[in-house]
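Listed below, chain by chain, are the residues.
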Amino acid sequence: MGTHSILVLNGPNLSRLGKREPEVYGNRTLDDINRGLSEAFPEVTFEFFQSEREGELLEKLFHCEDKGGFTGIVLNAGALTHYSIALRDAIQAIRLPVVEVHISNIYAREAFRHHSVISEVCKGVISGFGVNSYHLGVRAILEGGPRVGDVVLQLK
């Protein structure tokens, strides 16, 4: 059992990783990503959850906080990133730190992907580092993440 517990929460369409647009998202599946996190961070107890349904993601956030014992949440909300006020409100309603992650650089893609409605209520955002975005998200939770005024590196 690890000394830290982290929920890795994935939203709509992420179940299709490895099949969906490999030129954008790569060839790794969500299971590959989860296995890689467990191997890279043996001191962490992970809980992995993916759903195509917004309500299930909200319930998982609330369950995590109510259950207790979690250090934080790494969240790839998929398309919900850009329009789900319900998800934003749920993140804001809990006390656990949430790090928003994206495999692709959402700022180098279609204009509608450039805005995240959840970023303002997340501890930080990591975008564009492929599956390493998840690893960086875990590190941000374990190490406390950046502070106001820190420089953020974004690669295109």
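Since the model is a prediction, treat every value here as computed from it, not as a measurement.

Draft legend 1. The arrangement of the overall build of the protein chain in detail. Counting its secondary structure elements, the protein chain contains five helices and five strands. Listed N to C, the secondary structure of the protein chain is β-α-α-β-α-β-α-β-β-α in terms of helices and strands. Surface exposure of the protein chain reaches about 8200 Å², of which carbon and sulfur atoms provide 51%.

Draft legend 2. Summary view of helix α5 (residues 132–143). In a regular helix each residue adds 1.5 Å, so twelve residues correspond to 16 Å; α5 covers 16 Å between its end C-alpha atoms and thus fits that length. Along α5, the residues classified as buried are Ser133, Tyr134, His135, Gly137, Val138, Ala140 and Ile141. Just beyond α5, the residue with positive phi is Gly144, at close to 90°.

Draft legend 3. The sheet that holds strand β3 (residues 72–76), seen in detail. The sheet built from five strands is open, its strands ordered β2-β1-β3-β4-β5 with parallel pairing. Lying at the two open borders of the sheet, with one neighbouring strand each, are β2 (44–50) and β5 (124–127). With direction set aside, neighbouring strand axes in the sheet form an average angle of 20°. Sitting on the sheet, helix α3 (residues 54–67) touches β1 (4–10), β2 and β3, and the angle it makes with β1 is about 170°.

Draft legend 4. The arrangement of the environment of Arg113 in detail. Note on placement: Arg113 falls in the loop between β4 (98–102) and β5. When its relative accessible area of 13% is taken as the criterion, Arg113 is described as buried. Considering only alpha carbons, one finds Arg113 and Tyr83, 30 residues apart in sequence, at a separation of 9.7 Å.

Draft legend 5. Fine view of unusual backbone geometry. In this structure, Asn13 is a non-glycine residue whose phi angle is positive, near 75°. Within the secondary structure, Asn13 is located in the loop between β1 and α1 (22–25).

Draft legend 6. Local environment of the side chain of Glu65. Of note, Glu65 is situated in helix α3. Apart from the residues within four sequence positions on either side, Glu65 is in contact with Ala93, Ile94, Arg95 and Leu96.

Draft legend 7. Here's a closer look at the packing of α3 against helix α4 (residues 85–93). As a packed pair, α3 and α4 sit with axes 10 Å apart at the nearest point and diverge in direction by 0°. Taken together, the axis directions place α3 and α4 in an arrangement best described as roughly parallel. Seen from α3, the contacting residues are Glu54, Leu58, Leu61, Phe62 and Glu65; seen from α4, they are Ala86, Leu87, Ala90, Ile91 and Ala93. Here the contact of α3 with α4 is composed, by residue class, of eight nonpolar, no polar and two charged.

Draft legend 8. A look at the pairing of β3. Summarising burial for β3: five of the five residues are buried, a large majority. The side-chain alternation of β3 yields two buried faces, one formed by Gly72, Val74 and Asn76 and the other by Ile73 and Leu75. For β1 and β3, the ladder comprises five bridges, and the chain directions are parallel. Residue pairing in the sheet places Leu7 in a bridge with Ile73 of β3. Sheet topology places β3 next to β4; three bridges connect them, and they run parallel. What sits directly across from Val74, in β4, is Val99. With α4 bridging β3 and the parallel β4, this β-α-β connection has right-handed handedness.

Here is what the cut-offs are and how they apply
Residues numbered from 1 in each chain as written. Predicted model: local features only at pLDDT ≥ 70, side-chain atom pairs only at ≥ 80, totals over all residues. Heavy atoms only, no water. Helix = DSSP H or I, 4+ residues; strand = E, 2+ residues; numbered from the N terminus. Areas by Shrake-Rupley, 256 points an atom, 1.4 Å probe, with all protein chains shown as cover. Expected span 1.5 Å × (residues − 1). Buried < 20%, exposed > 50% of the residue type's maximum accessible area, 1.4 Å probe, protein only. Pairing = 2+ DSSP bridges. Axes fitted to C-alpha atoms, helices over the stretch in contact; angles between N-to-C directions. Contact = heavy atoms within 4.5 Å. Parallel < 35°, antiparallel > 145°, perpendicular 65-115°, else oblique. Nonpolar A, V, L, I, M, F, W, Y, C, P; charged D, E, K, R; others polar. Right-handed = clockwise from strand over helix to strand, strands pointing away.

Keep in mind these numbers describe shape, not what the thing actually does.
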